[in-house]
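Residue-level listing of the chains:
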Amino acid sequence: MGSLPRTLELFYDVLSPYSWLAFEVLCRYKNIWNVSLQLRPTLIAGIMKDSGNRPPALLPRKALYVKNDVRLLGQHLQVPIHLPKDFFFVVFEKGSLTAMRFLTVVKLEHPELLEKVSRELWMRIWSRDEDITEPQSILAAAEKAGMSTGQAQELLERVSTPQVKNQLKETTEAACKYGPNNHLLRHPPSCTVTAFSRPLGCLSLWPTWMMKPTCCLALTGWSCWHTFWERSGWALCLQL
């Protein structure tokens, strides 16, 4: 009899391209790695505010690194990721509040569709440079993920309810409590940048650090550049 899967929680915001990369790798390999993946929609703006960190795109040298890094990682991980033409307007002006509230409703009412709807929102903003803030944009993503028009409309009408607002706030606070900008797992030897500069098969090296009872990566500060996961997860937790 095989061992029971470990529970792995991914706190994510579709406004983060690195979270998309982490999301796709975890969804792709969760069965091989024997983990039960729990998706937890979170608001990255809330984490930034709580941690007092500045977004890396606002720092010139890191902004240049992000542009090249995202492109290369997208190629290596076979994720069709492209930065929006008006990056600052999309990320800092439009944001993702309504989209993340919508995903919160999906998790509450139709968790079986959360993965697909999340992916479609990421595809819109980070692959096709399309809007994710307007109601029709969110409905289009939901319908493409397999949700009926009526079903999607019903969920969208709930994004401003106290229940949904409080749930997203609580999830974001939970991510903050894990310690964004505190590296509880430091420099796992099998998770170096070089391991991710090879074909996807090399990703099988990653589970060697899963042997620890509790692992947490909750980053928004970009203060450590030694491993891919320290740059991609910003809130990636592994628990027994």
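The coordinates are above.
What this report covers is the structure whose coordinates are included nearby. (Residues numbered from 1 in each chain as written. Predicted model: local features only at pLDDT ≥ 70, side-chain atom pairs only at ≥ 80, totals over all residues. Heavy atoms only, no water.)

### Brief notes about the pattern of salt bridges
What counts is decided by this rule: Every case where a carboxyl oxygen of Asp or Glu lies within 4 Å of a side-chain nitrogen of Lys or Arg is listed as a salt bridge. Working definition: helices are DSSP H or I runs of at least four residues, strands are E runs of at least two. Numbering for both runs from the N terminus. Exposure classes here rest on a 1.4 Å probe applied to the protein chains alone. A residue is buried below 20% of its type maximum, exposed above 50%, and partly exposed in between.
All chains considered together, the criterion is met by eight salt bridges. Between Glu-9 and Arg-40 there is a salt bridge whose closest N-O contact spans 2.7 Å. You can see Glu-9 sitting in strand β1 (residues 6–12) and its partner Arg-40 sitting in strand β2 (residues 35–41), a full 31 residues away along the chain. Summarising the burial analysis for this pair, Glu-9 and Arg-40 share the class buried. Here Glu-24 and Arg-119 are joined by a salt bridge, their closest N and O atoms 2.8 Å apart.

### Some points on the packing of aromatic side chains
Spelled out, the test is: In summary, the pairing rule links any two rings of Phe, Tyr or Trp, Trp by its six-membered ring, whose centres are within 6.5 Å, and it sorts them by plane angle into stacked for under 30 degrees, edge-to-face for over 60 and tilted for everything else.
As enumerated under the stated definition, the model contains nine aromatic pairs in all. When the ring of Tyr-12 is compared with that of Phe-23, the centres are 6.1 Å apart and the planes differ by 45°; the resulting orientation is tilted. With a gap of 11 residues between them, Tyr-12 in strand β1 and Phe-23 in helix α1 (residues 17–29) connect regions that are remote in the sequence. Accessibility expressed as a relative area gives 0% for Tyr-12, which makes it buried.

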